[in-house]
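Residues per chain, in single letters:
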Amino acid sequence: MRNVTKEFLDRVKVQVLDAASWLPVAEREEFYSELHEWAYGQYEETLLRQEPEMQDYEEE
């Protein structure tokens, strides 16, 4: 990971922690769960966009 990307991620982490710090524990758990689901969905979409198209070797 590039240094600039890591620094950006670190700033986002601090913002998320600050934003969630005032939430009651149960709500904070739900917040982090939703954030996790969203982030994992973004990760999966990124992987899908990178996969090369499968070739159909039977037609060649």
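Going by the structure above, here's the rest.
A brief report on the enclosed structure follows. If you're wondering where the values come from, they're calculated on a predicted model, not measured in any experiment. (Residues numbered from 1 in each chain as written. Predicted model: local features only at pLDDT ≥ 70, side-chain atom pairs only at ≥ 80, totals over all residues. Heavy atoms only, no water.)

**Focus: the overall build of the protein**
- Scanning the protein from N- to C-terminus turns up two helices and zero strands.
- A buried classification covers 3% of the 60 residues belonging to the protein.
- Surface exposure of the protein reaches about 6,000 Å², of which carbon and sulfur atoms provide 56%. (Helix = DSSP H or I, 4+ residues; strand = E, 2+ residues; numbered from the N terminus. Buried < 20%, exposed > 50% of the residue type's maximum accessible area, 1.4 Å probe, protein only. Areas by Shrake-Rupley, 256 points an atom, 1.4 Å probe, with all protein chains shown as cover.)

**A word on the pattern of salt bridges**
- Evaluation of the coordinates by the stated rule reveals two salt bridges.
- Asp 10 is the partner of Lys 6 in a salt bridge, and the nearest nitrogen-oxygen pair spans 3.3 Å. Of this pair, Lys 6 and Asp 10 both sit in helix α1 (residues 3-20), four residues apart, which is roughly one turn of the helix.
- Assessed through its relative accessible area of 29%, Asp 10 is described here as partly exposed.
- A salt bridge links Arg 49 to Glu 45, with the nearest nitrogen and oxygen atoms 3.0 Å apart. With Arg 49 and Glu 45 both in helix α2 (residues 25-50), this residue pair falls four residues apart, about one helical turn. (Salt bridge = Lys/Arg side-chain N within 4 Å of Asp/Glu carboxyl O.)

**So, a nonpolar patch on the surface**
- Taken together, the side chains of Tyr 40, Tyr 43 and Leu 47 make up a nonpolar region of the molecular surface, amounting to roughly 300 Å² of accessible area.
- Of note, Tyr 43 is situated in helix α2. (Patch = residues over 30% accessible without salt bridge, like charges linked within 9 Å, V, L, I, M, F, W, Y side chains within 5 Å.)

**Points about the packing of α1 against α2**
- As a packed pair, α1 and α2 sit with axes 10 Å apart at the nearest point and diverge in direction by 150 degrees. Classified by the interaxial angle, the pair formed by α1 and α2 is roughly antiparallel. As α1 runs across α2, the sense of the crossing is right-handed. Along the contact surface, α1 presents Val 16, Leu 17 and Ala 20, while α2 presents Arg 28, Phe 31, Tyr 32 and Leu 35.
- Residue classes in the contact of α1 with α2 are distributed as six nonpolar, no polar and one charged. (Axes fitted to C-alpha atoms, helices over the stretch in contact; angles between N-to-C directions. Parallel < 35°, antiparallel > 145°, perpendicular 65-115°, else oblique. Left-handed = near helix turned anticlockwise from the far one by under 90°. Contact = heavy atoms within 4.5 Å. Nonpolar A, V, L, I, M, F, W, Y, C, P; charged D, E, K, R; others polar.)

Just geometry here; none of it tells us what the structure is for.
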